[in-house]
Amino acid sequence: MCSDSGRGGVASTAPKFYPGSRCTMYRVVRLLARSRRLVRPPGSASAPGLGGVPVLPLRAPNAAGMASQNSFRIEFDTFGELKVPNDKYYGAQTVRSTMNFKIGGVTERMPIPVIKAFGILKRAAAEVNQDYGLDSKIANAIMKAADEVAEGKLNDHFPLVVWQTGSGTQTNMNVNEVISNRAIEMLGGELGSKKPVHPNDHVNKSQSSNDTFPTAMHIAAAVEVHEVLLPGLQKLHDALEARSREFAQIIKIGRTHTQDAVPLTLGQEFSGYVQQVKYAMTRIKAAMPRIYELAAGGTAVGTGLNTRIGFAEKVAAKVAALTGLPFVTAANKFEALAAHDALVELSGAMNTTACSLMKIANDIRFLGSGPRSGLGELILPENEPGSSIMPGKVNPTQCEALTMVAAQVMGNHVAVTVGGSNGHFELNVFKPMMIKNVLHSARLLGDACVSFTENCVVGIQANTERINKLMNESLMLVTALNPHIGYDKAAKIAKTAHKNGSTLKATAIELGYLTAEQFDEWVKPKDMLGPK
């Protein structure tokens, strides 16, 4: 077959050209036919292709093809011209990225919180640039378009996947192109003309992908933490605390090493879960001051080239005002671009939270195991059928969902850790992957906490009959005898009772270590719940 690769790297299926063969004439005729079909739409901007020759689109030779062609416009980047759908605000660089990074499909697109964060940032930058002399008509149009991005009104115009350049350049340009074209439309201009609002010269003024993307990362992470993660954890904390108070007087047997231990109250057991969630929120909040530091103003390598003195501080202040969160400019822009330790730290706090939630969910599902052949100390809400073959079976599905989320968050943290450890020189190039995983973890944890609370925790009941039975049968109540008869004799009572299948009291009396009255006086579960 003949190879006829164009500037876009697309190979045709024409017969392969061999000098001196009949394919020579075929190729000449074909190229002449192609040249007659190269049509530039009226009013479209021209741009040099490779070697200064315009790269033009092919026109289909039939009416149907011409109708289809009318649904596209021509835009260009520094590599040449590309067809852009007329119903989209993005431009050539976005289209080129969709061609070069066909990885994962729609499920792998850049998270919408990042896009919304970019809208906030671009609005702030335009407002500050206006203070430094940007034409007010252009600045206002940019701000209006950026507001639409921040509000999620233009989500369909952001098709790029996470798996792109590690600095997020393509997504920054996707945002610049969308805001530019939407602003041009507002001002009555022609989409793709870059006039009067240019994506680089105006929307990206005093910015670089290297500082805007990490800024958007931090804005998105902070917003997700405050709107989803912390509220979800707080809801779970409050529900567990209510259960702890409700169960305060229910005495049960404790377990260590999954074996019988000394008594405690069910409320005390739940208080441990309450404290875990409280500490989880404390850890996450402790990581936030570094997240509130923004890289904006560092531009390409952290020096602030092409910005003005005060730009960084003013942008951070505008972002803070727009979000209601205490954002400030990063103390050191070189660190802000080259390392993302703040995101690793936040991810680490979420990883610890996942460990806590795994423990809590496992305890609750095991305490609720049964209903007849397990521990059965808790009665969990019955939400849905649990088996397609076993009639009447009900499973602890909320516990299972929460533990799966915990496992995913732990995996996300591994990826974030690898990404954070691979900053090279003046730029970390794992940015899109890192923020994808941080946002994923925050969303999963927040949502799972709400689901677990509403569909499990608030409906948990104590099975007091089962709790009392298991406690009274436990051999570890013998621990109360240690101060009176010593460890060795107490151990003898427990082992003998277990071997003979008898009670602690009967065995103690049989061995002659104490009287019935002494046993009743010394072995009282309610007196074993704390220090004397």
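Rules and cut-offs
Residues numbered from 1 in each chain as written. Predicted model: local features only at pLDDT ≥ 70, side-chain atom pairs only at ≥ 80, totals over all residues. Heavy atoms only, no water. Salt bridge = Lys/Arg side-chain N within 4 Å of Asp/Glu carboxyl O. Helix = DSSP H or I, 4+ residues; strand = E, 2+ residues; numbered from the N terminus. Buried < 20%, exposed > 50% of the residue type's maximum accessible area, 1.4 Å probe, protein only. Pairing = 2+ DSSP bridges. Phe/Tyr/Trp six-rings, centres within 6.5 Å; stacked < 30°, edge-to-face > 60°. Lys NZ or Arg CZ within 6 Å of the ring centre and 35° of its normal. 1 Å grid on protein atoms, 1.4 Å probe; cavity = no way out; pocket = protein on both sides within 12 Å on 5 of 7 lines; lining within 4 Å. Points joined across faces, edges and corners; volume = space filled by probe spheres on them. Nonpolar A, V, L, I, M, F, W, Y, C, P; charged D, E, K, R; others polar. Expected span 1.5 Å × (residues − 1). Bend = angle between axes of the 7 residues up to and from the residue. Polar contact = N/O pair within 3.5 Å; in protein donor to acceptor, adjacent residues only side chain to side chain.

Caption draft 1: Spotlight on the pattern of salt bridges. This model, assessed by the stated rule, comprises 22 salt bridges. Between Glu127 and Arg123 there is a salt bridge whose closest N-O contact spans 2.8 Å. Remark: Arg123 and Glu127 occur in helix H4 (residues 112–131); sequence separation between them is 4 residues, near one turn of the helix. Across the pair Arg182 and Glu185 runs a salt bridge, and its minimum N-O distance is 2.8 Å. Taken together, the residues Arg182 and Glu185, both in helix H6 (residues 169–186) and 3 residues apart, mark about one turn of the helix. Three or more residues joined by partner-sharing salt bridges are found here, namely Arg123, Glu127, Asp147 and Lys318.

Caption draft 2: Focus on the pairing of strand E2 (residues 80–85). With respect to burial, E2 is a largely interior element, 5 of its 6 residues being buried. Relative to E2, strand E1 (residues 72–77) runs antiparallel, the two sharing 6 bridges. Directly across from Phe72, in E2, lies its bridge partner Pro85. Hairpin connection of E1 to E2: 2 residues between the antiparallel strands.

Caption draft 3: Summary view of the packing of aromatic side chains. One pass over the structure, following the stated rule, counts 4 aromatic pairs. Aromatic pair Phe247 and Phe270: ring centres 5.4 Å apart, planes at 75 degrees, arrangement edge-to-face. Placement of the pair is Phe247 in the loop between helix H8 (209–246) and strand E3 (251–256) and Phe270 in helix H9 (residues 266–291), with a sequence separation of 23 residues. Neither Phe247 nor Phe270 differs from the other in exposure class; each is buried. Taken together, a centroid distance of 5.7 Å and an interplanar angle of 90 degrees make the contact between Tyr292 and Phe327 edge-to-face. Of the two residues, Tyr292 sits in the loop between H9 and strand E5 (293–294) while Phe327 sits in the loop between helix H10 (311–323) and strand E6 (328–329), which places them 35 residues apart along the sequence. Pair check on accessibility: Tyr292 and Phe327 agree, each one buried. The rings of Phe247, Phe270 and Tyr273 are connected pair by pair, giving a single aromatic cluster. The ring of Phe72 carries the charged tip of Lys83 above its face, separated from the ring centre by 5.1 Å. Against the face of Phe76 rests Lys194, its NZ or CZ located 4.2 Å from the ring centre.

Caption draft 4: Fine view of the layout of surface pockets. Quantified by volume, the second largest pocket comes out at close to 480 Å³. In terms of lining, the second largest pocket is formed by 18 residues, of which the most central are Gly368, Ser369, Gly370, Pro371 and Val394. Secondary structure elements with two or more residues in the lining of the second largest pocket: helix H12 (341–367) and strand E7 (378–379). Of the residues that constitute the lining of the second largest pocket, the class distribution is 8 nonpolar, 7 polar and 3 charged.

Caption draft 5: Representation of H8. Compared with the 56 Å implied by 1.5 Å per residue over 38 residues, the 54 Å span of H8 between its first and last C-alpha is a close match. The largest bend along H8 measures about 45 degrees and falls at Val225. Here H8 lies mainly inside the structure; 27 of its 38 residues are buried. Sitting at the head of H8, Ser208 places a side-chain oxygen 3.0 Å from the backbone nitrogen of Asn210.

Caption draft 6: Inspection of empty space enclosed by the protein at higher detail. According to the stated counting rule, one finds 2 cavities of 30 Å³ or more in the structure shown. Roughly 60 Å³ of volume is contained in the largest cavity.

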